[in-house]
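What follows is each chain in one-letter form.
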Amino acid sequence: MSDVQTSPLDSLMADQEPVVNDFQIMIATVNGSGSQTANSTLLRAIFRMGVPVSGKNIFPSNIQGLPTWFTIRLSKDGYIARREDYHILVAMNLQTVEEDITNLAVGGIVLYPEEWKIKHKRDDVVYYPVPVKALVDESGTPSSFVSYVSNMVYVGVLATLLNIELEQIEYALNFHFSNKPKPVNMNMALVRLSYDWAQDNLPKNDPFTVERMEGKTDGMLLLDGNSAGALGTAFGGVQVVAWYPITPSTSMIDALRTYLSDMRTNPDTGEASYAIIQAEDEIGAIGMLVGAGWAGARAMTATSGPGMSLMTEFAGLAYYAEVPIVIWNVQRVGPSTGLPTRSSQGDVLAAYFLGHGDTKHVVLLPSSLEDAFEFGWKSFDLAERLQTPVFVLSDLDLGMNLWMGKLFEYPDQPMDRGKVMTAEDIQRAGEFARYKDVDGDGIPYRTLPGTDHPDAAYFARGTGHDEKAIYSERPDDWVANIERMNRKFDTARALVPPPVVDEVAGTEIGLIAYGTTDACIVESRDLLREQGIETSYLRLRALPLSDATRDFIRRCDRVYVVENNTDGQMAKIIYMEYPDLAPKVKSIAYLDGMPLAPRWLTRAVQEREQER
């Protein structure tokens, strides 16, 4: 019998198989320390090695000084939802290091600055002390850049420990700094120095490694959803952008400004064919949109929940006067200021019914980069075809984090300007009545200012009016107009993007979700299948709901509507629209500021099934 004592870690490592391309890295830093460059560099380098990867930035709502975390998930199976655990901790924030180590998975590893002299309270994880200060000093980094460049130490050390290719790190830095040699060389010098130090001084005592994969990321890009939506907006022919800064939507306007400057500025004259205007507030911004949309321009704004609230009255005007505009709401956590830098799906009901009185809006629900790009241009087509405000409900998770996506496809159809009458059209028709339903679809014809015909002019009224736009308080005029607008809303059901359905024959359980919750659903369905629970899945892409949603619910014995909010807002809309099917529909809703996690959802479905 041996007298040799083994630690829990020794026992773990003795039986541990290599963990390849299937783990999560948590990087804990201080907000404002320049960690974004280091983190995005690691993420992009791993992606360039063909490994499916996703990143989540968890940052505070102040400017700098508070804790921030960044997770990088590697998944050989292509999963991109948030994991609840992490296996590699880069501890660069002394304020949170104890808690961060406490939450590390058993058998995980900790990188930390050796000068901290932290106590190794856990004996089931691997500790890698790194001389961060000494390496930065040795690199000769100018003192004014030290606080921003020092994070490159953990990039170099992780490159050694995980076998991340240095050439891909250099590529990622060139991408980040737009091929500017000075910042690339300064950062890369510290990466190489740290890489070499780790090779010479850190014996590898952990199972985690990155290996190049083939075919998993071919033909894909890495981008944030705000940029994808901005690019789609540019391709959609946007002409007027009016906005007021608010987290987490501001970067969408920043990206749009870059794209439009490149694509819509005459290189010879410098003349731009677009206008981007920062208004005094969100009320002013949407007011400008209403004027621009009435004049025939394609007009949009980007905001978040508090900003959308300020837009309520003008949104109602655009709805009732039937002016096409596009409003992107990159959702964050409310009520009130709430959690400005956390993600949610809490504005569904607000966007759907925004305004006072009987108001119902078209709402698009992107779940991916591809959706964000497509809805960027398609929102304008819908707004002009239906002559109504169109809301695009993204969220912080999609908008501000890097996601994998397929290369975007150029719009497969010409711009749909809707029912616009020219002077010749009016002459042939013999009359023009702005709010008359000529075709039976509830959508009237409109003219644009400057149309050279004496009958082309009309008042775009927010007050009661008849079909000729003449002021009226007659009850029959009011009822006729609202009934026509309701027909238009029913027409929209067949025009908005249809849901995506993955139906499994013989299963009794249906799942309905939308937006970024999709990533959670995809993985959770596989986990449920391993437990013997098979599910069908319908991913909503828009409101109003279509017949496909009703039919899906009918075919299921029970349906769980999964949402990243507290009140189950989409479930409530389904109850209202399909009261006869409401007994089949149950809400699974949760909000803590984080994207929903697949293992949480798996447990939630299992619990609901056990309660039956």
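That block above? That's the structure.
Residues numbered from 1 in each chain as written. Predicted model: local features only at pLDDT ≥ 70, side-chain atom pairs only at ≥ 80, totals over all residues. Heavy atoms only, no water.

J.: Any chance you could break down the overall build of the protein chain for me, citing the residues and the numbers?
T.: Within the protein chain, the regular secondary structure consists of 22 helices and 22 strands. Relative to the compact-globule value of 25 Å for 612 residues, the protein chain shows a C-alpha radius of gyration of 27 Å, a close match. Taken over the C-alpha atoms alone, the protein chain extends approximately 100 × 65 × 40 Å along its principal axes. Of all 612 residues assigned to the protein chain, the portion counted as buried reaches 57%. For the protein chain, the proportion of contacts with a sequence separation of at least 24, taken over those separated by at least 6, is 76%. In the structure as shown, the protein chain presents an accessible area of about 26000 Å², 51% of it carried by carbon and sulfur atoms. Each charge class in the protein chain was averaged separately, 55 positive and 82 negative side chains, and the resulting centres sit 3 Å apart. (Helix = DSSP H or I, 4+ residues; strand = E, 2+ residues; numbered from the N terminus. Rg over C-alpha atoms; globule rule 2.2 N^0.38 Å. Buried < 20%, exposed > 50% of the residue type's maximum accessible area, 1.4 Å probe, protein only. Contact = heavy atoms within 4.5 Å. Areas by Shrake-Rupley, 256 points an atom, 1.4 Å probe, with all protein chains shown as cover. Lys, Arg positive; Asp, Glu negative; His and termini not counted. Charge placed at Lys NZ, Arg CZ, Asp CG, Glu CD.)

J.: I'd like to hear about the nonpolar core, residue by residue, with values.
T.: In terms of nonpolar packing, the biggest core is built from 99 residues, with I72, I164, I169 and M300 touching the most fellow members. Two domains each donate at least three residues to this core, and these are domain 1 (10–216) and domain 2 (223–406). The residues contacting I164, other than those within four sequence positions of it, are L42, A45, I46, M49, L158, A159, I169 and V210. Grouped together as the second largest cluster of nonpolar side chains are 52 residues, A242, L289, I426 and Y435 included. (Core = buried A, V, L, I, M, F, W, Y, C linked by side-chain atoms within 4.5 Å. Domains from an automatic or database assignment.)

J.: Tell me about the packing of aromatic side chains, and please be specific about residues and values.
T.: Scanning the entire structure with this criterion turns up ten aromatic pairs. On the numbers, 6.1 Å between centres and 50° between planes, the contact of Y352 with F489 is tilted. Taken together, the positions of Y352 in helix 14 (residues 348–353) and F489 in helix 18 (residues 475–495) put the pair 137 residues apart, joining distant regions of the chain. Summarising the burial analysis for this pair, Y352 and F489 share the class buried. (Phe/Tyr/Trp six-rings, centres within 6.5 Å; stacked < 30°, edge-to-face > 60°.)

J.: Now, about the sheet that holds strand 3 (residues 53–58): what can you tell me, with residues and values included?
T.: Taken in spatial order, the six strands line up as 3-4-2-5-6-7 in an open sheet, and their pairing is mixed. For this open sheet the edge positions go to strand 3 and strand 7 (126–130), each flanked by a neighbour on one side alone. With strand direction ignored, the average angle separating the axes of adjacent strands in the sheet is 15°. In this sheet, strand 7 lies alongside strand 6 (residues 109–113) in parallel orientation, the contact comprising five bridges. By the bridge assignment, V110 is partnered in strand 7 with Y127. (Pairing = 2+ DSSP bridges. Axes fitted to C-alpha atoms, helices over the stretch in contact; angles between N-to-C directions.)

J.: Run through helix 18, naming residues and quoting values.
T.: Since the α-helix advances by 3.6 residues per turn, residues separated by three or four positions end up pointing in the same direction. Taking 1.5 Å per residue as the helical rise, helix 18 with its 21 residues ought to reach 30 Å, and the 31 Å between its terminal C-alpha atoms agrees with that figure. For helix 18, the secondary structure elements touched by its buried residues are helix 13 (312–321), helix 14, strand 14 (362–364) and helix 15 (369–386). (Expected span 1.5 Å × (residues − 1).)

J.: Residues and numbers for the sheet that holds strand 14, please.
T.: Strand order in the open sheet formed by seven strands is 11-10-12-13-15-14-20, and the pairing between neighbours is mixed. This sheet does not close on itself; its edge strands, each paired only once, are strand 11 (275–278) and strand 20 (542–543). Pairing analysis gives seven bridges linking strand 13 (residues 325–331) to strand 15 (residues 389–395), with the strands arranged parallel. By the bridge assignment for strand 15, W328 is matched with V392.

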